[in-house]
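# Residue-level structure breakdown
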Amino acid sequence: MVVLFFGPPGCGKGTQSRYVARRLKIPAISTGEMLRAECEADSALGRIARTLLANGELVGDGLVNAMVRNRLSKSDCRSGFILDGYPRTIPQAQWLDRFIQEHGHTHPFVVHLQVSSEVLVSRVSGRRHCPKCSRVYNLVSQRPRFEGKCDVDGASLVRRADDAAEVVIARMRAYNELCEPLIEYYGRANYHGIDGHRPPEEVSREILEILSPAPVRMRSGRRFAAR
Ligand code: AMP
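Residues numbered from 1 in each chain as written. Predicted model: local features only at pLDDT ≥ 70, side-chain atom pairs only at ≥ 80, totals over all residues. Heavy atoms only, no water.

The environment of the ligand is made up of 16 residues, and the closest members are Thr31, Glu57, Gly85, Gln92 and Arg171. Between the ligand and Glu57, the relevant distance is 2.5 Å, taken from an oxygen atom to a main-chain nitrogen or oxygen of the residue. With respect to the ligand, the side chain of Gln92 contributes an N or O atom lying 3.0 Å from a nitrogen atom. Relative to its unbound accessible surface of 480 Å², the ligand loses 97% to contact with the protein. (Near = heavy atom within 4 Å. Polar contact = N/O pair within 3.5 Å; in protein donor to acceptor, adjacent residues only side chain to side chain. Areas by Shrake-Rupley, 256 points an atom, 1.4 Å probe, with all protein chains shown as cover.)

This is the structure we're talking about:
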């Protein structure tokens, strides 16, 4: 199974893709996260990507496709994968199609999380993450138990550099320009628009129902974790 998560910054696609990946036992791959890791490692790709990420601009298709190819060629992707933040352009989608055909995967499901811009702005401005374990929090809706500290390892929470207001506006603009053509490209057959304003558990349930037609029982008694 191949699942593509579409949605603007702050729509919850990172949280949902990680949760759904655990349930389906396939990896969730975020190109944004991979690129941030390259920047942190100060690799050749990271040095090219750094300024683009800082300004909310897209990294070139060739570089991103090569990075995705390396990741998708790993053995854990053999029975499927979830992509969060990829493809972002038509050439990326065309490249992915070829990869999917070459490797005998099925046509992708497109899960599009839809959230109004007012809600997105408030979510993104409250978003914090743990630099150690990557768990994501929100100062309004998913607060850590102790202020500013990760529940898992106690590390001090940080804000993504590209969550600054002016960069978020550039990222949303880039998203709005590119999303419609991509949705058209994939067609309506496997497209699922999801209302992302609801609590994360409800959104997950709907996504899992779409992806696995058997009734989905959410794990009870467990707090929904964003990683
Ligand atoms: P995200 O975490 O998906 O919001 O991505 C953060 C940033 O990484 C974006 O603003 C882009 O600069 C870059 N990026 C992530 N995915 C892609 C992609 N598929 N193509 C080009 N740039 C990307």
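From this point, the discussion proceeds with the structure in view.
Our focus in this paragraph is unusual backbone geometry. With an omega of -5 degrees, the peptide bond running from Tyr86 to Pro87 counts as cis. Within the chain, Asp42 stands out as a residue other than glycine whose phi angle is a positive 55 degrees. Along the chain, Asp42 turns up in the loop between helix H2 (31–41) and helix H3 (44–54). With a relative accessible area of 37%, Asp42 lands in the partly exposed category. Positioned with a positive phi, Ser134 is a non-glycine residue whose angle comes to about 70 degrees. Structurally, Ser134 is set in the loop between strand E5 (127–129) and strand E6 (136–138). (Helix = DSSP H or I, 4+ residues; strand = E, 2+ residues; numbered from the N terminus. Buried < 20%, exposed > 50% of the residue type's maximum accessible area, 1.4 Å probe, protein only.)

On to H3, then. Every buried residue of H3 is accounted for by Leu45, Gly46, Ala49 and Leu53. Buried residues of H3, viewed axially, fall in a sector of 80 degrees; they line one side. In H3, those exposed residues whose orientation departs by more than 90 degrees from the buried face are Ala44 and Thr51. Contacts made by the buried residues of H3 are with H2, helix H4 (61–72) and helix H7 (165–186). Note on H3: the residue one or two positions beyond its end, Gly56, has a positive phi of about 75 degrees. (Arc of directions from axis to C-beta. Contact = heavy atoms within 4.5 Å.)

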